[in-house]
Amino acid sequence: MPAISADTMVLPRIPAVDPTAVDRPVLSVTTAPSGLEGEGFPVRRAFAGVDLAALDPFVHMDQMGEVDYAPGEPKGTPWHPHRGFETVTYMIDGIFQHQDSNGGGGFITDGDTQWMTAGRGVLHIEAPPEGVVARGGLFHGFQLWVNLPARLKWNPPRYQDIRGGAVTLLSSPDGGALLRVIAGEVAGHQGPGITYTPITLLHATLAPGAQLRLPWRPDFNALVYVLAGSGSVGTQRRPVRLGQLATFGPGDVATVTADTAQESRSPQLDVLVLGGEPIREPVAAYGPFVMNTRAELIQAFEDYQAGRLGTIPATPRPGHEVLRPTTEPR
């Protein structure tokens, strides 16, 4: 799990939590079922079994991998549409390539984030570059869907390319945890992601036995998803492990603790911590569209079939619709 490492002793440190702060209770711990996405790459459905009201403003999240592909095995997605929300793709290991009908696109690799606002509609594709398909390799990341309120669902598409080196690096007060702030604000430190819907998204790595008491906006919900390792959440010390999601109740502080003993394959506890201001609007979601009403969903399918969500650019590789790069990261 090499996505951005740093010496926590020299990083800015979040302050110790105010003794009067209210700890958020853990409402639930759920285990993500496994499935296949796109052309057949493995995912864990992180939000499965969780009430949408507890996730708001998020609607979907997949952990992609972790899988070590043999040559010829890497897979992606074919061209497909989106409307009404934003996709956030964060690569921890490996290389993915994005292209969309609005002209956005590029490589995302080892700590990079691709933030695509679908808004009123866009077509896009995500796939490993040709060289990666040929040689195989490690593939691990996640994709998060962030809802947009009704007044912003018809905004024009937008693309943000956030390099791994641009994220804000912080340390816990004792140096036991490294925080990579992708979007939003943590203890006065702002991440680079520009969001329509107010959210905070970070990737934290905790050393064995370390505890992270994270100040969290009381008007945001709070979720912790385990990418690797084992530990516990909340002051109740509810056990969590790879592929599990903890949902927190109201309060000022979210607590995560790493087990002292970790597996050799996952020597530290890696978690995503995310939350946002609930939109509190009706959600009508089906396939690649997230709208407010069934009528809007029907309109989205009709617009897609009529070609009003964009046009697939010409592709040079017959049989596999992926942009051929002239160069790729190594």
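Heads up: the structure comes first, above all this text.
Residues numbered from 1 in each chain as written. Predicted model: local features only at pLDDT ≥ 70, side-chain atom pairs only at ≥ 80, totals over all residues. Heavy atoms only, no water.

**Quick look at the pattern of salt bridges**
Right, so step 1: Taken as a whole and assessed by the stated rule, the structure comprises ten salt bridges.
Right, so step 2: As a salt-bridge pair, R213 and D23 come within 2.6 Å of each other at their nearest N and O atoms. On the criterion of sequence distance, the pair formed by R213 in strand β18 (residues 211–215) and D23 in the segment before β1 (26–31) is long-range, its members being 190 residues apart.
Right, so step 3: For R213, a relative accessible area of 25% corresponds to the partly exposed category.
Right, so step 4: One connected set of salt bridges, linked through shared partners, spans E37, R45 and D62. (Salt bridge = Lys/Arg side-chain N within 4 Å of Asp/Glu carboxyl O. Helix = DSSP H or I, 4+ residues; strand = E, 2+ residues; numbered from the N terminus. Buried < 20%, exposed > 50% of the residue type's maximum accessible area, 1.4 Å probe, protein only.)

**Considerations on unusual backbone geometry**
Right, so step 1: The linkage connecting D56 with the following residue, P57, adopts the cis geometry, with an omega of 20°.
Right, so step 2: The residue after G65, namely E66, is reached through a cis peptide bond having omega 10°.
Right, so step 3: For A187, which is not glycine, the phi torsion reads 50° and is therefore positive.
Right, so step 4: Mapped onto the elements of the fold, A187 is located in the loop between β15 (185–186) and β16 (189–190).
Right, so step 5: Phi is positive for R280, close to 60°, though the residue is something other than glycine.
Right, so step 6: Structurally, R280 is set in the loop between β24 (269–276) and β25 (284–286).

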